[in-house]
Amino acid sequence: MKLMSKCRVALLVATALGMSACNDGKDGNDGLPGDPGAPWVPPVVTTSAVAKVMEWQYADGLVNVEFSVENQDGVPVEDLDKVQLMSTIKNEAGLLADTVDVTWVAGDDNAPGTLTHAGDGIYNLSMPHEAATSESIGTGYIRPGNGENGMPRTKRVMFTKNDHYAQVSTTDDAKCVACHGEFEDATGNATWGWHQHHHALDNDQEVIIVEACLVCHTQTEQKDGGWAQNTMAMLGHGKLADGEGGKISSGHASLGTSYSMDKYRCSTCHIDDVVFTASLNGCATCHADLQDADKDLAVNHSNFTDLDCATCHNSFQHDHENGKARDEALNRYKFEVFSVVRSEDKTAIEVTATATDSEGKPVDILAITDASPRGWATVVKNGEAVLPGRDEGHVARSVDAMAGENGEVIYIIEHALPYVEGEVLFGGVDGRITYTARWGAENGASAPISVSNIKDVRRTTSDGMKCLTCHTEGLQGHGGQRGGFDLGGDGCAQCHSAYNWAPGKTQEDGTIGDYAMAWGPLVHNMHFGAYKQDRGLNDMPTTDRNMPVDCQACHTGMIDLEDVAPAVVLNGMDESSVYGITAISANCATCHTGDAAKNHMIQQGGDFNVAITPEADTHTGESGDFAVFDPAPITESCSVCHSPARLAEAHNY
């Protein structure tokens, strides 16, 4: 029997049935013609949207805004069903104070205001603002979306600048970005507060910071008719409401004590030629006793109001300018280093320098009485200063100086490491220039002298001058005479070297932390890593550890791990317990602290416990004899996979 497939049998059966149904073998007649169907139009899908404020104005009891909304493809959104508006206007004292936060929702009979669709994605919004008049001056933003139509909310979109707009005249966004980094990618993980992503956009989709903050954090506290508990001045000056009627120091208030900036140097945050609006709430952030009736003040302000301020303070009269006196001191002398060389008998190092005054005239350094210039030097290996010098963990400093030719002065650096053929020397001049400051300098004030050959001899991928963006006083208070305005953070590398084996900083419980003092690991730890987190340094304007960071805030160009010199980072509690960490691992492990991450580094040649054997010779310093540690370099293979491009992608620089 011939076998047939199941499919063929089915086909034959279907054919037989069909023939029996149409036994004449002809097709049926065509049906009557019908109307053509409407063309299929795919639904508009909105995964993101962009809004723009076209026009806006205040009226009696109202704020009116005309705006447009488009989706991610530039297609007008025609079914907007929800939009938020925030608006703040000035009070009779000229301060931004009266704020409303209102949201219109389609189908909600209790929703305030009205929304009219004019077609092509253009809408007219009219919202109640009881205190508004046609003469009101203020600011605000809209935020369409997140209703029932599935459209996600846009970014906050600021009102455009017109005759009604309250222009900010005390600071600008660049001042904030300089320390806090860019805002556009900020999320709730930002260390200094989830409000960092509460910025707004203008019609060109550029980030707006200060003016967006002022919509809520106005110039008047909540208790005095403002919207938020803390005003913009309170945030800027760092005296925040404690929720119990008092104020606590926070954020910017601590900058003057954290080796960061002179909080009396207004130009750090304020623009030049500042136009100030006198406000008790603003002044009281620093002058906390201003309204204390029991204080013996020249003028009792306890019964004053914001409206009273303008009668006397019609300009920024009072001297808050520490910066002016400090700038004079910084410019009083200009030092220049000509050479850092061995003495003729090779036992010491000689640093030759000159100085000129603010007018460029030569200065006799040895006759200076209002400054304390001093030479220093050490030996460089693998781009790092080899320590100790005068003591463990320090460079060698001059104890004597003599006049040279043509107004030069030669600093004699004793306690230097022994001479080695082909050595590279690292040295310069530092010290302090004294000046009189009105504020915050009870024990005297000083500006740094800081000049060296560091940029000629130290390998680096960073620029220490970038440190001065945030640390405006050149780390005044800790090594302030070394991390100065000529070098910025680069001056710190003379002590914070990979070869610095000095004990770690003592913890509160008396134990000694094992945090490397080398400059790279220290900076990463202080700003992003475990050191910062473990010590609760969460007021620093950097993102959380293991989150993307703006590496270019400190670094220059691409970071290529292949260029990292294998200078093993030393650490330890005393000479009997010195150990080393390989260079790349020492930096990466400040943030990537997990066992898996460390094991990965070890597999690529990293070592967290490099055996260190001091040379037989000892170095005689000012405080005794110390062993000279010189670990053999170790090369890590991290650059094979972690190329500059992949590092950039992972770390957002």
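Right above here is the structure, for reference.
All values reported here derive from a predicted model rather than from experimental measurement. (Residues numbered from 1 in each chain as written. Predicted model: local features only at pLDDT ≥ 70, side-chain atom pairs only at ≥ 80, totals over all residues. Heavy atoms only, no water.)

Asker: It is not clear to me how the overall build of the protein chain should be interpreted in this structure. Could you clarify?
Answerer: Looking only at helices and strands, one finds 13 helices and 25 strands in the protein chain. Of all 653 residues assigned to the protein chain, the portion counted as buried reaches 42%. Partitioning the contacts of the protein chain with sequence separation of at least 6, the portion at a separation of at least 24 is 62%. As displayed, the protein chain offers around 34400 Å² of accessible surface, 51% of which is attributable to carbon and sulfur atoms. (Helix = DSSP H or I, 4+ residues; strand = E, 2+ residues; numbered from the N terminus. Buried < 20%, exposed > 50% of the residue type's maximum accessible area, 1.4 Å probe, protein only. Contact = heavy atoms within 4.5 Å. Areas by Shrake-Rupley, 256 points an atom, 1.4 Å probe, with all protein chains shown as cover.)

Asker: Sorry, what's going on with the pattern of salt bridges here?
Answerer: Between side chains of opposite charge, a pair can form as their charged atoms come close. Following the criterion strictly, the structure yields eleven salt bridges and no others. Salt-bridge contacts for Arg 342 lead to Glu 423; the nearest nitrogen and oxygen are separated by 2.5 Å. Within this pair, whereas Arg 342 is found in strand β13 (residues 333–342), its partner Glu 423 is found in the loop between β18 (409–413) and β19 (424–435), the two being separated by 81 residues in sequence. Across the pair, Glu 423 and Arg 342 agree in class, each one buried. For Lys 455, the salt bridge identified is with Asp 490, shortest N-O distance 2.7 Å. With Lys 455 in helix α8 (residues 454–457) and Asp 490 in the loop between α8 and α9 (519–527), this residue pair connects regions lying 35 residues apart in the sequence. Beyond isolated ion pairs, a larger network of salt bridges with shared partners links Glu 328, Arg 332 and Asp 370. (Salt bridge = Lys/Arg side-chain N within 4 Å of Asp/Glu carboxyl O.)

Asker: Help me understand the nonpolar core, please; the structure alone is not making it clear to me.
Answerer: Generally speaking, nonpolar side chains in soluble globular proteins are found buried as a group. Counting residues in hydrophobic clusters, the biggest one holds 50 residues, and the most contacted among them are Phe 335, Val 351 and Val 429. Excluding its chain neighbours within four sequence positions, the residues that come into contact with Val 429 are Phe 335, Val 337, Val 351, Ala 353, Pro 373, Arg 374, Gly 375, Trp 376, Tyr 411, Ile 449, Ser 450 and Val 451. (Core = buried A, V, L, I, M, F, W, Y, C linked by side-chain atoms within 4.5 Å.)

Asker: Help me understand the pairing of strand β17 (residues 396–403) in this model?
Answerer: It is a general feature of regular strands that their side chains alternate between the two faces of the sheet. As judged from the two bridges shared by strand β15 (residues 374–381) and β17, these two strands associate in the antiparallel manner. Counterpart to Trp 376 in the pairing with β17 is Arg 397. Here β17 folds back onto β18 in antiparallel fashion, the turn holding five residues, of which Asn 406 has a positive phi close to 55°. (Pairing = 2+ DSSP bridges.)

Asker: Help me understand the sheet that holds strand β1 (residues 49–59) in this model?
Answerer: Spatially, the four strands line up as an open sheet ordered β1-β2-β6-β5, and their pairing is antiparallel. Edge positions in the sheet fall to β1 and β5 (114–119), since each has one partner strand and no second. Strand-to-strand twist in this sheet, taken as the mean axis angle between neighbours without regard to direction, amounts to 20°. Bridge count for strand β2 (residues 62–71) against strand β6 (residues 122–128) is seven bridges, and the pairing is antiparallel. Its bridge partner lying in β6, Leu 62 is registered against Pro 128. (Axes fitted to C-alpha atoms, helices over the stretch in contact; angles between N-to-C directions.)

Asker: Can you walk me through the side chain of Arg 332 in this structure?
Answerer: Topologically, Arg 332 is positioned in the loop between α7 (322–330) and β13. Arg 332 gets classed as buried once you look at its relative accessible area, which sits at 16%. Here the side chain of Arg 332 touches Asp 370 through a polar contact of 3.0 Å, side chain to side chain. (Polar contact = N/O pair within 3.5 Å; in protein donor to acceptor, adjacent residues only side chain to side chain.)

Asker: Is there a simple way to think about the environment of Asn 230 in this case?
Answerer: Note that Asn 230 resides in the loop between α3 (210–216) and α4 (232–237). Distance from Asn 230 to Thr 218, taken between C-alpha atoms, is 8.1 Å for residues twelve residues apart in sequence. If sequence neighbours within four positions are ignored, Asn 230 has contacts with His 217, Leu 235, Leu 240 and Ala 241.

Asker: Whenever I open this one, the environment of Pro 362 confuses me. Can you help?
Answerer: With respect to the helices, strands and loops of the structure, Pro 362 is situated in the loop between β14 (349–357) and β15. When the C-alpha atoms of Pro 362 and Lys 334 are compared, they prove to be 9.5 Å apart, with 28 residues separating the residues in sequence. Residues in contact with Pro 362, not counting those within four places in the same chain, are Ala 355 and Thr 356.

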